[in-house]
Amino acid sequence: MNDESSITVDVVSDVVCPWCFIGQKRLDKAIAAVNIDVHIRWRPFQLDPTIPPEGKNRRDYMVAKFGSEQRIREIHARIEPLGEAEGISFAFDAIKVAPNTLDAHRLIRWAGTAGEAIQNRLVRRLFQLNFEEGANLGDHAVLIEAAREAGMDASVVETLLPTDADVEAVRTEIATASRMGISGVPCFLLEGKYAVMGAQDADTLADALRQVAAAKARGELETAN
């Protein structure tokens, strides 16, 4: 395909956001429904950057955030069938730790330098680990194994994680998203110019992809970059 039938989607998300997991599945469906070469780049966002590096007890954290276990159950009950419709088996009760996701976002950034396919595999694996397996995404051992499974050089990741490598770069990206007005995720940025907010259904995302690809083909997006 030529560049006019190719568009880039920057997905601003956090790996502990259930709506981002649902959004990822719906984006996959949307891409499968269109005859467009879509390139995905994952961008960082932290739902709560104040969580300490060691994380917090998730039950206590959620009760403090939402007020009661009953309220939490209601939220989970609303999300679970939506996930099931996208092939996600949410296991919220298995999640014991609310992690700080800064290191996970550093890993996603490094995966991007290894290639789009590797980054996509990694993000999908991190979503699965957190939401379907209850793994702690703040645990370096979990991140290193996820990197290995995605096809990254795990020894390099193991060396970099304990350092401050790319900490400021990730924080700067998050700050940039905030300045752009992104206050919730997922947010899909098409060709760096058009934003689709929230975990929209696959048809809505597919329509947005078609519209932006058509505009690009007409030469209307030359200032996008």
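See the structure shown above.
Values in this document were obtained by computation on a predicted structure and should not be read as measured data.

About the thresholds
- Residues numbered from 1 in each chain as written.
- Predicted model: local features only at pLDDT ≥ 70, side-chain atom pairs only at ≥ 80, totals over all residues.
- Heavy atoms only, no water.
- Helix = DSSP H or I, 4+ residues; strand = E, 2+ residues; numbered from the N terminus.
- Rg over C-alpha atoms; globule rule 2.2 N^0.38 Å.
- Buried < 20%, exposed > 50% of the residue type's maximum accessible area, 1.4 Å probe, protein only.
- Contact = heavy atoms within 4.5 Å.
- Areas by Shrake-Rupley, 256 points an atom, 1.4 Å probe, with all protein chains shown as cover.
- Lys, Arg positive; Asp, Glu negative; His and termini not counted.
- Charge placed at Lys NZ, Arg CZ, Asp CG, Glu CD.
- Phe/Tyr/Trp six-rings, centres within 6.5 Å; stacked < 30°, edge-to-face > 60°.
- Core = buried A, V, L, I, M, F, W, Y, C linked by side-chain atoms within 4.5 Å.
- Axes fitted to C-alpha atoms, helices over the stretch in contact; angles between N-to-C directions.
- Parallel < 35°, antiparallel > 145°, perpendicular 65-115°, else oblique.
- Nonpolar A, V, L, I, M, F, W, Y, C, P; charged D, E, K, R; others polar.
- Polar contact = N/O pair within 3.5 Å; in protein donor to acceptor, adjacent residues only side chain to side chain.
- Pairing = 2+ DSSP bridges.
- Salt bridge = Lys/Arg side-chain N within 4 Å of Asp/Glu carboxyl O.

Let's shift gears to the overall build of the chain. Across its full length, the chain carries nine helices and six strands. Since a compact globule built from 225 residues should have a radius of gyration of about 17 Å, the 18 Å found for the chain is in line with a globular shape. With respect to the three principal axes, the spread of C-alpha positions in the chain is 55 × 40 × 30 Å. Relative to its full complement of 225 residues, the chain shows a buried share of 48%. For the chain, the share of sequence-separated contacts (at least 6 apart) that also reach a separation of at least 24 residues comes to 76%. Accessible surface, the chain as shown: approximately 10,900 Å² in total, 49% of it carbon and sulfur. Counting 25 positive and 34 negative side-chain charges, the chain places the averaged centre of each group 3 Å from the other.

Our next topic: the packing of aromatic side chains. Summed over all chains, the structure comprises seven aromatic pairs. Where Phe-92 meets Phe-131, the ring centres are 6.2 Å apart and the plane angle is 80 degrees; that geometry is what we call edge-to-face. With a gap of 39 residues between them, Phe-92 in the loop between helix H3 (69–85) and strand E4 (97–98) and Phe-131 in helix H5 (residues 116–131) connect regions that are remote in the sequence. By relative accessible area, Phe-131 is classed as buried at 2%. Ring-pair connections join several aromatic residues into one group, and the members of that group are Phe-21, Trp-42, Phe-90, Phe-92, Phe-127 and Phe-131.

Right, let's talk about the nonpolar core for a bit. One finds Leu-122, Leu-126, Met-152 and Leu-209 to be the most contacted residues of the largest nonpolar core, which totals 65 residues. Each residue touching Leu-122, except ones within four places of it in the same chain, is listed here: Leu-107, Ile-108, Ala-111, Ala-146, Ala-147, Ala-150 and Met-152. If you look at the next biggest cluster of nonpolar residues, it comprises five residues, including Ile-51, Met-62, Ile-72 and Ala-98.

Where helix H4 (residues 102–114) contacts H5, the two axes come as close as 7 Å, and the packing angle between them is 155 degrees. Judged by the inter-axis angle, H4 sits roughly antiparallel to H5. For the pair formed by H4 and H5, the contact residues are Ala-104, Leu-107, Ile-108, Ala-111, Gly-112 and Ala-114 on the first element and Ile-118, Gln-119, Leu-122, Val-123 and Leu-126 on the second. Grouping the amino acids of the contact of H4 with H5 by side-chain chemistry returns nine nonpolar, two polar and no charged.

Another aspect to go through is the side chain of Gln-119. Structurally, Gln-119 is set in helix H5. Of the residues examined, Gln-119 reaches a relative accessible area of 6% and is grouped as buried. Here Trp-42 takes part through its backbone nitrogen, which lies 3.3 Å from a polar atom of the side chain of Gln-119. Contacts of Gln-119, omitting those with residues within four sequence positions, involve Ile-40, Arg-41, Trp-42, Ile-108, Ala-111 and Gly-112.

Here we come to the pairing of strand E5 (residues 187–190). Side chains Cys-187 and Leu-189 of E5 all project onto a buried face; the interleaved residues Phe-188 and Leu-190 project onto the opposite face, where all are buried too. The pairing of strand E1 (residues 6–13) with E5 spans four bridges and is classified as antiparallel. Its bridge partner lying in E5, Val-12 is registered against Cys-187. Pairing of E5 with strand E6 (residues 194–197), which is carried by four bridges, proceeds in the antiparallel orientation.

Attention now moves to the pattern of salt bridges. Taken as a whole and assessed by the stated rule, the structure comprises 19 salt bridges. With its nearest N and O atoms 2.5 Å apart, the salt bridge here joins Glu-149 to Arg-125. Placement of Glu-149 in helix H6 (residues 140–150) and of Arg-125 in helix H5 is noted, with a sequence separation of 24 residues between them. Lys-216 is paired through a salt bridge with Glu-191; the nearest N and O atoms lie 3.6 Å apart. In this pair, Lys-216 is assigned in helix H9 (residues 202–217) and Glu-191 in the loop between E5 and E6, connecting sequence segments 25 residues apart. Lys-216 sits in the partly exposed class, given a relative accessible area of 22%. The exposure class assigned to Glu-191 is buried, which follows from its relative accessible area of 8%.

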